[in-house]
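Chains, contacts and geometry: an overview
The chain contents come next:
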Amino acid sequence: MKTKTLLAAAAAALALASSAGAQNAPPALNLTLAPHQSSGAVDKVAVTLKLQAPDAKPGEPFLRLPMVFASVETQRYEAAQIQVTDAKGAVPLVQKDDPADQSNFMYFRRWQVARPTQGDVTVRYTANAAAFRPKLGSGPPFDLRPEAGGLNGAGVTFLALPDNSRPYNLGLDWDLAAMPAGSRGAQSLGEGQLKLVGPVDLLAHTFYMAGPMKSYPEASSGQPFAIYWLGTPPFDVPAVASWTEKARTAIATFFGEPGKSYRVFFRHNPYPGTGGAGLINSFMSGFGDDPPPTVDGMRHHLAHEIVHNWPGSLDGPNGVVSWYGEGLAEFYSATIPWRAGLISTDDFLAQINERAQSYYGNPVRTAPASEIAAKFWSDTRVRKLPYDRGAFYMAMVDAQVRDKSGGKRRLDDLVKAMIARREAGQSHDTDAWLEMVTAELGPQARDEHAAMMAGALLVPPSDAYGPCFKREAASFRAFELGFDSASLTSSPRIVKGLVAGSQAAIAGVRDGDEVTEAVVLDAVQAKADQTITLKIRRGGMDLTITYLPRGQAQDGYRWTRTQVPDSQCAI
């Protein structure tokens, strides 16, 4: 099956939503979510779907839910757990699963009706909310879970929805009768009750949160920008929220949509580390307690996910085309806030050099793009490649465009033209990009792109980031976990492939150790002096082992500040 990133699917859903209004009276689909509490915590959510005369027939698609999405296991209902009724009574279901996707990105469980339906149809099932759902690999924390008297999760992990892409008159409502007084519900596309026209992907690729929520601004209903959270996060929420609002405004203005709606959901992770993922017009930002995130530390990934809402991804296989969407998000998440004065020139330089550390210190930095998908969710070194490689590639293209045009054009012009192509219904794939960049820079642009895809080491020119920085040779100790990284995404997490003489081995890690708590490595790769701590169980004993995951030195490059004043820096 040809797969796309979540935001590419979301962009397609929004495009359908914007065009569906011109069609004649799409059928109604009303979704109601009713959280249930036990002992003060949400333990399940009753889901009710009311479909206007679907006229479903045996042998035809009816409902579907991913078995896995981005390496995250879903609710995986059995047919007997889904009650379907129509004018004649109960409608039995026939269940069938797609072949498993070996990359653990996405494949579906599907249901068909055993007899034709008559009239309107009601579908009911119950989603369980669990404190932590083990993942197949290092995927986004989308699972449905309770938190601080409420709950949150992404629809793609718990909503069994019609198995089609047609537009509906969608309705969404919350039944919060069982929740604490003052509870409210919010989702990626708004707050409280929702009505719009579009495909069911708008419901699937949405983040949901309900309960005694707090928000920024406090009166958030109807606002174009809002942040929601449950409980008391261990960081300065108003400071993060204020900066994020300014960044959203700057990014949305750059892309020509200053009033575009956007939501952020802060979610507690029951394990160390931050992270998150983008959904339709929104971002779920996860955080841990040890160590607690800082305001400065959260800025980059928040800006990265906001940028994703415009360039999106190219059409094509997951992993192979990731250099484009992730590279642009990395490039602009630093460049646009810098231009807007939201980060300093020193902050901008620090982001460039963290990327250099991550890329030039990556022992698999020359892996071809064709190999990324298979290991994307199991090996952080591979997962980081599209981000780092893509960002350096975009910096190279930007420098070439500025140089050839005498400063009259930039990467910005190509990216906005690609967005216009997609919005006009034209092709939005690698060939479209190559056609555009070749017309701008000449035939060598095609060769440079092919070299990147084959794994050639990228070296942006010295002035790639403008006159205030220059490139210099540097040495980077390679990121080395010290054992097979797949050990951390298996269940249970058993250490295998220990590298003799590695820092892990020297610190006391042994083959056969069980790692009892999840470990988040993505951010560690960009920080040369950041240690990792493993909670180990060995022979019935619990151990804690901390070490620096670094190996032999590798040659690379970094950038330093020139004497050019800040006023002349921004590109």
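Positions within a chain are numbered from 1, following the residues in the order the chain's sequence is written. This being a predicted model, a pLDDT of at least 70 is required before a residue's local features are given, and a value of 80 or more before pairs of side-chain atoms are given or counted; all residues contribute to the totals for chains, interfaces and linings. The basis for the side-chain values is all heavy atoms of the structure; hydrogens and waters are excluded.

Counting secondary structure elements, the protein contains 12 helices and 27 strands. Each radius of gyration is computed over the set of C-alpha atoms, and the globule rule expresses the reference value as 2.2 Å times the number of residues to the power 0.38. For the protein, whose C-alpha radius of gyration is 24 Å, the value lies close to the compact-globule estimate of 25 Å for 571 residues. Seen along its three principal axes, the alpha-carbon backbone of the protein occupies a region of about 75 × 65 × 45 Å. Taken as a whole, the protein presents about 22,500 Å² of accessible surface, with 50% of it coming from carbon and sulfur. Positive residues here are Lys and Arg, negative ones are Asp and Glu, while His and the chain termini are left out of the count. Taken as the charge centre is NZ of Lys, CZ of Arg, CG of Asp or CD of Glu, depending on the residue. The protein carries 56 positive and 58 negative side-chain charges, and their two centres are separated by 1 Å. Put simply, DSSP H or I for four residues or longer makes a helix, DSSP E for two residues or longer makes a strand, and each gets a number counted from the N terminus. Per-residue and other accessible areas follow the Shrake-Rupley method at a 1.4 Å probe size, with only the shown protein chains counted as cover for residues.

This part takes up the confidence of the model for the protein. Detailed reading of the predicted coordinates is not advisable wherever pLDDT falls low. Every residue is assigned a pLDDT by the predictor, reflecting its confidence on a scale from 0 to 100. For the protein, mean pLDDT is 91; residues scoring 70 or higher make up 94% of the total. Working rule for contacts: check all heavy atoms of both residues, and any pair within 4.5 Å makes them a contact. In the model, residues 1-5 has pLDDT below 50 throughout and makes 14 contacts with residues more than four positions away in sequence or in other chains. Counting contacts from residues 18-22, a segment whose pLDDT is below 50, to residues more than four positions away or on other chains yields three contacts.

For the rest of this paragraph, the subject is the packing of aromatic side chains. Working definition: rings of Phe, Tyr and Trp (its six-membered ring) pair if their centres are within 6.5 Å, and the pair is stacked with planes under 30 degrees apart, edge-to-face with planes over 60 apart, and tilted otherwise. In this structure the tally under the stated criterion is 28 aromatic pairs. Note on phenylalanine 254 and phenylalanine 255: the rings are 4.8 Å apart at their centroids and 80° apart in plane angle, and the pair reads as edge-to-face. With a 1.4 Å probe rolled over the protein chains alone, any residue whose accessible area is under 20% of its type maximum counts as buried; one over 50% counts as exposed, and the rest are partly exposed. When its relative accessible area of 15% is taken as the criterion, phenylalanine 254 is described as buried. For the cation-ring pair, arginine 166 lies above tyrosine 168, with the distance from its terminal atom to the ring centre recorded as 5.6 Å. Two conditions define a charge located above a ring, namely a distance within 6 Å from the ring centre to NZ of Lys or CZ of Arg, and an angle within 35 degrees of the ring normal.

With that settled, consider the state of the cysteines. Our working definition of a disulfide is a cysteine sulfur pair at a distance within 2.5 Å. Summed over the entire model, instances satisfying the criterion amount to one disulfide. Two residues share a disulfide in this structure: cysteine 468 and cysteine 569, whose sulfurs sit 1.8 Å from each other. The chirality of the disulfide connecting cysteine 468 with cysteine 569 is left-handed, given an S-S dihedral of about -90°. Here cysteine 468, found in the loop between helix 11 (444-454) and strand 23 (469-479), pairs with cysteine 569, found in the segment after strand 27 (550-561); they are 101 residues apart in sequence, far enough to count as distant.

By the element assignment, arginine 389 lies in helix 8 (residues 380-404). The salt bridge definition used is simple: a Lys or Arg side-chain nitrogen within 4 Å of an Asp or Glu carboxyl oxygen. No salt bridge is formed by the buried arginine 389; the nearest opposite charge belongs to glutamate 371, separated by 8.5 Å. Here the side chain of arginine 389 touches arginine 365 through a polar contact of 2.9 Å, landing on its backbone oxygen. We call two N or O atoms a polar contact when they sit within 3.5 Å, provided that within protein one can donate a hydrogen and the other can accept it, with sequence-adjacent residues counted only if both atoms are side-chain atoms. There is a polar contact of 2.6 Å between the side chain of arginine 389 and the backbone oxygen of alanine 367. With sequence-adjacent residues up to four places away left out, arginine 389 is seen in contact with Tyr359, Arg365, Thr366, Ala367, Pro368, Ala369, Ile372, Met452, Gly455 and Leu458.

Let us now look at the side chain of glutamate 191. When you line up the elements, glutamate 191 lands in strand 15 (residues 190-191). Reaching out from glutamate 191, the side chain makes a polar contact with the side chain of arginine 184 at a distance of 2.9 Å. There is a polar contact of 2.8 Å between the side chain of glutamate 191 and the side chain of tyrosine 228.

With that out of the way, let us pick up the sheet that holds strand 15. If you walk across this open sheet you meet the five strands as 10-11-17-14-15, and the pairing is antiparallel. Of all strands in the sheet, those with a lone pairing partner are strand 10 (145-147) and strand 15, marking the two edges. Here a strand pair is declared whenever DSSP counts at least two bridges between the two strands. As judged from the two bridges shared by strand 14 (residues 184-187) and strand 15, these two strands associate in the antiparallel manner. Residue pairing across strands places alanine 186 opposite glutamate 191, the latter belonging to strand 15.

So, on to the pairing of strand 11 (residues 150-154). In terms of residue burial, strand 11 counts as a mostly covered element, since five of its five residues are buried. Residues Gly150, Asn152 and Ala154 line one face of strand 11 and the alternating positions Leu151 and Gly153 line the opposite face, and both faces are buried. The pairing of strand 10 with strand 11 spans three bridges and is classified as antiparallel. Within the sheet, the bridge partner assigned to arginine 145 lies in strand 11 and is asparagine 152. The turn joining strand 10 and strand 11, which pair antiparallel and follow one another in sequence, is formed by two residues; a positive phi near 50° is taken by alanine 148.

This paragraph deals with the pattern of salt bridges. Under the criterion given, the structure shown has 23 salt bridges. In this structure, the salt-bridge partner of arginine 64 is aspartate 163, at a minimum N-O distance of 3.7 Å. Of this pair, arginine 64 sits in strand 3 (residues 63-69) while aspartate 163 sits in the loop between strand 12 (161-162) and strand 13 (168-174), and the two are 99 residues apart along the sequence. Judged by its relative accessible area of 12%, aspartate 163 is buried. Connected through salt bridges with shared partners, the residues Arg64, Asp98, Arg110, Asp163 and Asp201 form a single ionic network.

Now for the nonpolar core. Nonpolar cores are built from buried Ala, Val, Leu, Ile, Met, Phe, Trp, Tyr and Cys residues. Side-chain atoms within 4.5 Å join them into one set. Membership of the largest hydrophobic core comes to 102 residues, with the highest contact counts inside it found for Phe255, Phe266, Tyr332 and Trp433. Looking at this core element by element, the count peaks at 10 residues for helix 8. Beyond its immediate sequence surroundings of up to four residues, phenylalanine 266 is in contact with Met209, Ile227, Tyr228, Trp229, Phe235, Val237, Val240, Ser285, Phe287, Met298 and Leu302. Counting 44 residues, the second largest nonpolar core, distinct from the first, contains Val42, Val113, Leu176 and Ala210.

Judged by its relative accessible area of 17%, glutamate 191 is buried. In the structure, glutamate 191 is positioned 340 residues away from threonine 531 in sequence and 40 Å away in space, judged by C-alpha atoms. In contact with glutamate 191, not counting residues within four places along its chain, are Arg184, Gly185, Ala186, Ser220, Ser221 and Tyr228.

Residue placement: glycine 222 occurs in the loop between strand 18 (214-216) and strand 19 (225-229). In this structure the C-alpha to C-alpha distance between glycine 222 and serine 261, which are 39 residues apart in sequence, comes to 9.4 Å.

On to helix 11, then. Those residues of helix 11 that fall on the buried side of the exposure criterion are Ala445, His449, Met452 and Met453. One side of helix 11 holds all its buried residues, which, seen down the axis, span an arc of 100°. The exposed set on the far side of helix 11, more than 90 degrees from its buried face, consists of Asp447 and Ala454. On its buried face, helix 11 sits against helix 5 (322-339), helix 8 and helix 10 (430-441). Looking one or two residues past helix 11, glycine 455 carries a phi angle of roughly 105°, positive in sign. When we speak of the arc, we mean the arc of directions from the helix axis to the C-beta atoms.

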